[in-house]
Amino acid sequence: TLRKDEQKRERDAAFDLLDALTKSGGLAVSHASLHIVVAATHCFDKTMTETIIQDNMNPIDKVERSTLIMATTVHQQPAATLICESQLPRVGTVSPML
């Protein structure tokens, strides 16, 4: 996670690189696209087997829920529009707040 001043420094460095690559706008960038990767890790207190057997809980539901939370933020869409229609009842059951 970058602090505000670090974000500004990195953003300025990215724009400086873009400026250098395009020769200050002298070269057109007509077929370019920007890809952003958002990564997340999940830590569990128990092993997967312990979570499933002892807690009677599916750990994949937690991962799916946090992934949907990130996706709704990135895409600025409600979760229901990002989920296959056939999966809405299942996701609604395990993650009713979405």
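One can find the structure itself at the top, above this paragraph.
Keep in mind that what you see is a predicted model, and the values were worked out from it rather than measured.

Peer 1: Hey, could you run me through the layout of surface pockets in this one?
Peer 2: In this approach the atoms are scanned with a rolling probe the size of a water molecule, which exposes any empty space left behind. The volume enclosed by the largest pocket comes to roughly 330 Å³. Lining the largest pocket, in full, are R11, A14, F15, L17, L18, L21, A32, S33, L34 and I36. In terms of residue class, the lining of the largest pocket is made up of 8 nonpolar, 1 polar and 1 charged.

Peer 1: It is not clear to me how the side chain of T22 should be interpreted in this structure. Could you clarify?
Peer 2: For T22, the location among the structural elements is in the loop between α1 (4-21) and α2 (48-54). Residue classification places T22 among the buried residues on the basis of a relative accessible area of 10%. The residues touching T22, leaving out its near neighbours within four places in the chain, are L27 and V29.

Peer 1: Which parts of the structure should I look at to understand the side chain of S95?
Peer 2: As for its placement among the helices and strands, S95 is situated in the segment after α5 (88-94). One polar contact links S95 to R65, side chain to side chain, over a distance of 2.9 Å.

Procedures and definitions
- Residues numbered from 1 in each chain as written.
- Predicted model: local features only at pLDDT ≥ 70, side-chain atom pairs only at ≥ 80, totals over all residues.
- Heavy atoms only, no water.
- 1 Å grid on protein atoms, 1.4 Å probe; cavity = no way out; pocket = protein on both sides within 12 Å on 5 of 7 lines; lining within 4 Å.
- Points joined across faces, edges and corners; volume = space filled by probe spheres on them.
- Nonpolar A, V, L, I, M, F, W, Y, C, P; charged D, E, K, R; others polar.
- Helix = DSSP H or I, 4+ residues; strand = E, 2+ residues; numbered from the N terminus.
- Buried < 20%, exposed > 50% of the residue type's maximum accessible area, 1.4 Å probe, protein only.
- Contact = heavy atoms within 4.5 Å.
- Polar contact = N/O pair within 3.5 Å; in protein donor to acceptor, adjacent residues only side chain to side chain.

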